[in-house]
Amino acid sequence: MSVVDESLDQAARDTTARLRFDGLSMVFPDGTHALEDISFSVAPGEFTTVVGPSGCGKSTLLRIASGLERGYTGGCDVDRDSIGYVFQDATLLPWRTVQRNVELNAELHHVDKDERQRRAAKAIELVNLTGHEDKYPKQLSGGMKMRCSLARSLVLNPGVFLFDEPFGALDEITREFLNNELLRLFALEKFAALFITHSIAEAVFLSTRVLVMSARPGRIIGDYEVPFGAERPHDLRFEPAFAELCGRINDDLKGAHA
Ligand SMILES: Nc1ncnc2c1ncn2[C@@H]1O[C@H](COP(=O)(O)OP(=O)(O)OP(=O)(O)O)[C@@H](O)[C@H]1O
Ligand SMILES: [Mg+2]
């Protein structure tokens, strides 16, 4: 592809982007320089994952996208009415059942009760929690809590989904199972996904694109289109092409720590 074609392709992609960072930098009031000149966009049906050393500014980037963090310079363009988030601690309300936790966001958006219950039932079905509606968070496993947290965001049918290490605290088998579930949801809902993980294999398995960030201040130092299609069988993880891409990202990360 020629340079011109590439820039046209980029421009076409940008017009449909649901989330766009443009020369974004962030210095906290105490002088901590967290992010430097971040530019990329995520369109519907794109699953972009950011990997980078601890403390390089990944969560800060997601917090800026979600509107929780201000004081940045440069651009951050996102439809904030259409964002779903899943963070590492599932942050379910312990006094609410699964059903009532999943209804929460719809309640906050003043969706009426019948509609709320209908959407919650659909979201619970999408994440395979049907039959567990009346349980409280303390009765759920870690993986079930994450699925409940996912369902809670799905009721608002978000155009942009932000994930900050959602599966980091789970064992590998549960994590791989939830990776498949998330890919299934992504294929159905076609949101724009921005995902953060410390696992290179998870990044490559889930994503259409992987970005590597340097140590603080975080800059983009690697950018990989993932060449695998939408169908991602479990054994993809053992393919040479998969290992090769993981290896290249790993090399970038080693450089990032230097
Ligand atoms: N409110 C704040 N005020 C000052 N510094 C902050 C604030 N929040 C975060 N930082 C600093 O900004 C840097 C980036 O933090 P951030 O949480 O974004 O890193 P991260 O890449 O998500 O790390 P991890 O992989 O460990 O989750 C860190 O040095 C952190 O100490
Ligand atoms: Mg973080």
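Every residue gets a number counted from 1 within its own chain, in the order that chain's sequence is written. Starting at A for chains and at 1 for ligands, labels are handed out in the order in which the entities are written. Only residues with pLDDT of at least 70 are given local features in this predicted model, and only at 80 or more are side-chain atom pairs given and counted; all residues enter the totals for whole chains, interfaces and linings. Only hydrogens and water are removed before side-chain values are computed, so all heavy atoms of the structure are retained for them.

K.L.:
How would you explain the overall build of the chain if you had to name every residue and give the values?
P.N.:
Secondary structure elements follow DSSP: runs of H or I no shorter than four residues count as helices, runs of E no shorter than two count as strands, and numbering proceeds from the N terminus. When helices and strands are tallied, the chain shows eight helices and nine strands. Here the C-alpha coordinates of the chain stretch approximately 50 × 45 × 35 Å along the principal axes. For the chain, the residues scored as buried account for 49% of the 258 residues in total. Whether two residues touch is decided by their heavy atoms; if any such pair falls within 4.5 Å, the residues are in contact. Excluding contacts between residues fewer than 6 apart, the proportion of contacts in the chain whose partners are at least 24 apart in sequence is 71%. Exposed residues in this analysis have more than 50% of their type's maximum accessible area, buried residues have under 20%, and partly exposed residues fall in between, with area computed by a 1.4 Å probe over protein chains only.

K.L.:
How would you sum up the sheet that holds strand β2 (residues 33-42)? Please name residues and give values.
P.N.:
By this definition, two strands are paired if DSSP reports at least two bridges between them. The strand order across the open sheet built from three strands is β2-β1-β4, with neighbouring strands paired in antiparallel fashion. Because the sheet does not close on itself, it has two edges, and the strands there are β2 and β4 (72-78). Across the sheet, the mean angle from the axis of one strand to that of its neighbour is 15 degrees, orientation sign disregarded. Both strand β1 (residues 19-27) and β4 contribute to a ladder of six bridges, which runs antiparallel. Within β4, the residue paired with Leu19 across the bridge is Val78. Axis definition: a line fitted to C-alpha atoms, limited for helices to the stretch in contact. Angles are taken between N-to-C directions and run from 0 to 180 degrees. Sitting on the sheet, helix α2 (residues 58-66) is in contact with β1, β2 and β4, with an inclination near 120 degrees to β1.

K.L.:
Break down the layout of surface pockets for me, with residues and values.
P.N.:
Empty space among the atoms becomes apparent when a probe as large as a water molecule is rolled across them. Here a cavity denotes grid points, spaced 1 Å and computed from the protein atoms alone, that fit a 1.4 Å probe unable to get out, and a pocket denotes an open set having protein on both sides within 12 Å along at least 5 of 7 lines; residues with an atom within 4 Å of a point are the lining. Grid points are joined across faces, edges and corners, and a volume is the space filled by probe spheres set on the points. A volume near 280 Å³ is recorded for the largest pocket. Considering the residues around the largest pocket, the lining is formed by 18 residues, among which Ile83, Gly84, Tyr85, Asn105 and Ser153 are closest to the centre. Where the lining of the largest pocket is concerned, the elements lending two or more residues are β5 (83-87), α3 (98-108) and α5 (142-154). Put simply, Ala, Val, Leu, Ile, Met, Phe, Trp, Tyr, Cys and Pro go in the nonpolar bin, Asp, Glu, Lys and Arg in the charged bin, and everything else, Gly too, in the polar bin. Taken together, the residues that form the lining of the largest pocket break down as eight nonpolar, six polar and four charged. Quantified by volume, the second largest pocket comes out at close to 170 Å³. Top element by residues in the lining of the second largest pocket is helix α6 (residues 172-189). It accounts for three residues. Within the lining of the second largest pocket, the residues separate by chemical class into five nonpolar, four polar and two charged.

K.L.:
Can you tell me about the nonpolar core, naming the residues and giving the values?
P.N.:
Inside soluble globular proteins, nonpolar side chains tend to come together where they are buried. For this analysis, a nonpolar core means a set of buried residues of the types Ala, Val, Leu, Ile, Met, Phe, Trp, Tyr and Cys, connected via side-chain atoms within 4.5 Å. With 51 residues, the main nonpolar core has Val102, Leu150, Phe163, Leu182, Val204 and Ile249 as its most contacted residues. In terms of residue count, the dominant contributor to this core is α5 (six residues). Residues within four places of Phe163 in sequence aside, it is in contact with Leu62, Val86, Leu150, Leu182, Phe191, Ala193, Leu194, Phe195 and Ile196. Core analysis: the second largest hydrophobic core is formed by 25 residues, Ile38, Leu62, Val78 and Met213 among them.

K.L.:
Give me α3: which residues, what numbers.
P.N.:
Taking burial as the measure, the eleven residues of α3 include eight buried ones, the bulk of the element. All of the buried residues along α3 are Val98, Gln99, Asn101, Val102, Glu103, Leu104, Asn105 and Ala106. Among the structural elements, α4 (113-126) and α5 are those in contact with the buried residues of α3. Within two residues after α3, His110 carries a phi angle of roughly 60 degrees, on the positive side.

K.L.:
Account for the site of ligand 1, with residues named and values stated.
P.N.:
The full set close to ligand 1 counts 15 residues, and Ser54, Gly55, Lys58, Ser59 and Thr60 are the nearest of them. A 3.5 Å cut-off defines polar contacts: any pair of N or O atoms within that distance qualifies, except that in protein one atom must be a possible hydrogen donor and the other a possible acceptor, and neighbouring residues in sequence count only when both atoms are side-chain atoms. Within the backbone of Gly55, one N or O atom sits 2.7 Å away from an oxygen atom of ligand 1. Between Lys58 and ligand 1, the recorded distance is 2.7 Å, taken from a side-chain N or O atom to an oxygen atom. Look at ligand 1: alone it shows 640 Å² of surface, and the protein chains cover 65% of it. Looking at the shell around ligand 1, its residues break down into four nonpolar, seven polar and four charged. Near is defined per residue: the residue qualifies when any heavy atom it owns lies within 4 Å of the molecule or strand. Per-residue and other accessible areas follow the Shrake-Rupley method at a 1.4 Å probe size, with only the shown protein chains counted as cover for residues.

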